[in-house]
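Residues per chain are reported as follows:
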Amino acid sequence: MRRGERRGAGGPRPGSPVPAGKAALEEPPDGAAAGGASGRGAGRRSTESEVYDDGTNTFFWRAHTLSVLFILTCALGYVTLLEETPQDTAYNTKRGIVASILVFLCFGVTQAKDGPFSRPHPAYWRFWLCVSVVYELFLIFILFQDKLDGFVPAHFLGWYLKTLMIRDWWMCTIVSVMFEFLEYSLEHQLPNFSECWWDHWIMDVLVCNGLGIYCGMKTLEWLSLKTYKWQGLWNIPTYKGKMKRIAFQFTPYSWVRFEWKPASSLRRWLAVCGIILVFLLAELNTFYLKFVLWLPPEHSLVLLRLVFFVNVGGVAMREIYDFMDDPKPHKKLGQQAWLVAAITATELLIVIKYDPHTLTLSLPFYISQCWTLGSVLVLTWTVWRFFLRDITLRYKETRRQQQQSRGDQSTAMSHVDGHLPEPEDLPGPTEPESEGVPAPN
């Protein structure tokens, strides 16, 4: 990990290690910046936890770019000079593809840009970023072939993990309920969506999904209350403390509480709606890919895809949240979030190519009516909340100001047009000023 580079120009980013002997106490826990807007605390969001770090930079955290390059060159030299090349073309092709992927992973792990996560190690998350690139290239390759029967989708990530990614109870519940409505709507295309009502709403929404969301929210509560104080392993005197430090290496370096606030602005509302749509599309891709490509659920690639999305989903959601909260006018979407969006779109294109007949089966009339009504209601609320409501509020405020202005003008005119005060209305001398004048008996 290039920790020194991350503390370069522009100051340390929130959650990054701080120099030894200094703690990242950027503002008080209640969110108010200590000492006003100036100082180091001005740049940290109120939803971000405080981090203490002694700044230890050991061998474990260094990039080792030259070491990786030397080992990689030696390995390739061994294969070239000492191994005898087999005469099997298919075997050589597979081995060449695997070697190319490994070389790309070695380059990416040492040279790719760090993401928002640093635990257990930034290289771990750089590795999954490179795996995302390889997976996207593989999907594009499949997209341009003839139809195959060997491609496998995977299970959905699980509601516990989704809650850790989204970090909001309302959004998780909306996605959970919306997917059940999608199963109702698309059961004429996918037979495995045909379930009885209690399986949809009791077993799925209340038991499985609801329990996963509940456990995920409890974990989020623990992570938000946890003290993030990091110390070098060799600076800890006790064996128990060293083991605890090793275990905590697999927990977040810092924690940011997500506050999506979808109704605060039109931009955030559209962004949250987009996030929900991508989640639902990724869920549908899982089932449609399995159906159109005739893949058995027990295939090993199902588990591999699940592991893949578990590792890249959390990074993508954090990058999306940072993108929405970034006050800069010119900003770019994070690299992992970009790749996840591209992967989801490519999977959809594969489904469209391999079985367009299934996707073009028309919805039943009552289903299409329900979705049309729901879309109209959402669109109407959007127009009212972000356009008509603001216009109405501005109109009421303008009228109030005009009435107040007219009232002030009327008061001023009444003083100008009124008669002069009578002599008896003028203030007389006070008692101290009339000393020496005898009071009447």
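What you see is a predicted model, and the numbers here were worked out from it, not measured in a lab.

J.: Requested: an account of the overall build of the chain, with residues and values cited.
T.: The helix and strand inventory of the chain stands at 13 helices and three strands. With 441 residues in all, the chain has 34% of them scored as buried. Pairs at least 24 apart in sequence give 76% of the contacts found in the chain among residues at least 6 apart.

J.: Before we move on, can you summarise a nonpolar patch on the surface with the specific residues and values?
T.: On the surface, L379, W381, V383, W384, F387, L388 and I391 cluster together to form a nonpolar patch covering roughly 680 Å² of accessible area. When you line up the elements, V383 lands in helix α13 (residues 365-417). Relative accessible area serves as the criterion here: at 34%, V383 is assigned to the partly exposed category.

J.: Which residues make up the side chain of K242, and what values do they have?
T.: Mapped onto the elements of the fold, K242 is located in helix α8 (residues 239-248). Polar contacts involving the side chain of K242 include one to the main-chain carbonyl oxygen of I236, which spans 2.6 Å. Sequence-distant contacts of K242, that is, excluding residues within four places in its chain, are made with L233, W234 and I236.

J.: Which residues make up the nonpolar core, and what values do they have?
T.: Counting 48 residues, the largest nonpolar core has W260 and F308 as the members making the most contacts within it. Every element with two or more residues in this core is listed here: α4 (122-143), α5 (159-166), α6 (169-186), α9 (266-292), α10 (300-325) and α11 (335-354). Per element, the largest residue contribution to this core is 10 residues, and it comes from α9. With near-sequence residues (within four places) excluded, F308 lies in contact with W128, V131, S132, Y135 and I343.

J.: I'd like a rundown of the pattern of salt bridges, residues and numbers included.
T.: Where side chains of opposite charge bring their charged atoms close, a pairing between them can arise. This model, assessed by the stated rule, comprises seven salt bridges. Salt bridges linked by common partners bring R257, E259 and K261 together as one network.

J.: Give me the packing of α4 against α11: which residues, what numbers.
T.: Packed helix pairs are specified by the crossing angle of their axes together with the interaxial distance, meaning the distance between the axes. For the pair α4 and α11, the least separation of the axes is 10 Å and the interaxial angle reads 20°. Accordingly, the angle class assigned to the pair α4 and α11 is roughly parallel. Along this stretch, α4 crosses α11, giving a crossing that reads as left-handed. Along its contact with α4, which presents W128, L129, S132, V133, Y135, E136, L139, I140, I142 and L143, the element α11 presents Q335, Q336, L339, A342, I343, T346, E347, L349, I350, K353 and Y354.

J.: Please give an account of the confidence of the model for the chain that cites residues and values.
T.: Predicted confidence across the chain gives a mean pLDDT of 75, with 75% of residues reaching 70 or more. Predicted confidence in the chain is weakest over strand β1 (residues 23-24), with a mean pLDDT of 38, and strongest over α6, with 91. A low-confidence stretch, residues 148-156 (pLDDT under 50), is modelled with 40 contacts involving residues beyond four sequence positions or located in other chains. In this model residues 430-437 is a low-confidence stretch, pLDDT under 50, and it forms zero contacts with partners more than four residues away in sequence or in other chains.

J.: Run through the environment of C106, naming residues and quoting values.
T.: Counting through the fold element by element, C106 comes out in helix α3 (residues 89-111). Sequence spacing of C106 and L69 is 37 residues, and the spatial spacing of their C-alpha atoms is 8.3 Å. Each residue touching C106, except ones within four places of it in the same chain, is listed here: V68 and L72.

J.: Residues and numbers for unusual backbone geometry, please.
T.: For R167, which is not a glycine, the phi torsion comes out positive at approximately 60°. Residue position: R167 is located in the loop between α5 and α6. Look at R167 and you get buried, because its relative accessible area is 11%. You will see that K261, though not glycine, has its phi angle at about 50°, which is positive. Note that K261 resides in the loop between α8 and α9.

J.: An account of the UniProt feature "transmembrane region" (unreviewed entry) in the chain is needed here, citing residue identities and associated values.
T.: UniProt's feature table lists "transmembrane region" (unreviewed entry) at residues 59-81, 93-112, 124-144, 269-288, 300-317, 337-354 and 366-387, given in the numbering used throughout. Taken as a whole, residues 269-288 contains 100% helix and 0% strand, while its terminal C-alpha atoms sit 28 Å from one another.

J.: Kindly report on the packing of aromatic side chains, identifying the contributing residues and their values.
T.: For the structure shown, the criterion picks out 18 aromatic pairs. Put simply, the rings of Y124, F127, W128, Y135, F308 and F309 touch in pairs and so form one group of aromatic residues. Over the aromatic face of W159 sits the side chain of K162, whose NZ or CZ is 4.3 Å from the ring centroid. Against the face of Y228 rests K226, its NZ or CZ located 4.3 Å from the ring centre.

J.: Report on helix α7 (residues 197-225), specifying residues and quantitative values.
T.: Taking 1.5 Å as the rise per residue, α7 with 29 residues should run 42 Å; its terminal C-alpha atoms sit 39 Å apart, in good agreement. G210 marks where α7 bends most, by close to 40°. Three or more residues of α7 are buried, namely H200, D204, V205, N209, G212, I213, G216, L220 and L223.

J.: Go over the packing of α9 against α11 with me, naming the residues and quoting the values.
T.: Orientation of α9 relative to α11, taken along the N-to-C sense of each, is 35°, at an axis distance of 9 Å. As α9 runs across α11, the sense of the crossing is left-handed. Counting all contacts with α9, which are made through V278, L281, A282, N285, Y288, L289 and V292, the residues of α11 involved are T344, E347, L348, I350, V351 and Y354. Here the residues of the contact of α9 with α11 sort into 10 nonpolar, two polar and one charged.

J.: Can you tell me about α6, naming the residues and giving the values?
T.: Each turn of an α-helix holds 3.6 residues, which means side chains three or four residues apart point in the same direction. With 18 residues, α6 should reach 26 Å at 1.5 Å per residue; the first-to-last C-alpha distance of 26 Å fits that figure. Taken as a whole, α6 has its buried residues at M171, C172, V175, S176, F179, E180, L182, E183, S185 and L186. The backbone nitrogen of W170 has a side-chain oxygen 3.1 Å away, supplied by the residue at the start of α6, namely D168.

J.: Tell me what's going on with the environment of F309, and back it up with residues and numbers.
T.: By secondary structure assignment, the location of F309 is in helix α10. Judged by its relative accessible area of 10%, F309 is buried. Taking the C-alpha atoms as reference, F309 lies 9.4 Å from W128; in sequence the two are 181 residues apart.

The rules we used
- Residues numbered from 1 in each chain as written.
- Predicted model: local features only at pLDDT ≥ 70, side-chain atom pairs only at ≥ 80, totals over all residues.
- Heavy atoms only, no water.
- Helix = DSSP H or I, 4+ residues; strand = E, 2+ residues; numbered from the N terminus.
- Buried < 20%, exposed > 50% of the residue type's maximum accessible area, 1.4 Å probe, protein only.
- Contact = heavy atoms within 4.5 Å.
- Patch = residues over 30% accessible without salt bridge, like charges linked within 9 Å, V, L, I, M, F, W, Y side chains within 5 Å.
- Areas by Shrake-Rupley, 256 points an atom, 1.4 Å probe, with all protein chains shown as cover.
- Salt bridge = Lys/Arg side-chain N within 4 Å of Asp/Glu carboxyl O.
- Polar contact = N/O pair within 3.5 Å; in protein donor to acceptor, adjacent residues only side chain to side chain.
- Core = buried A, V, L, I, M, F, W, Y, C linked by side-chain atoms within 4.5 Å.
- Axes fitted to C-alpha atoms, helices over the stretch in contact; angles between N-to-C directions.
- Parallel < 35°, antiparallel > 145°, perpendicular 65-115°, else oblique.
- Left-handed = near helix turned anticlockwise from the far one by under 90°.
- pLDDT = per-residue confidence, 0-100.
- UniProt positions renumbered as here; feature names shortened; annotations may be inferred.
- Phe/Tyr/Trp six-rings, centres within 6.5 Å; stacked < 30°, edge-to-face > 60°.
- Lys NZ or Arg CZ within 6 Å of the ring centre and 35° of its normal.
- Expected span 1.5 Å × (residues − 1).
- Bend = angle between axes of the 7 residues up to and from the residue.
- Nonpolar A, V, L, I, M, F, W, Y, C, P; charged D, E, K, R; others polar.

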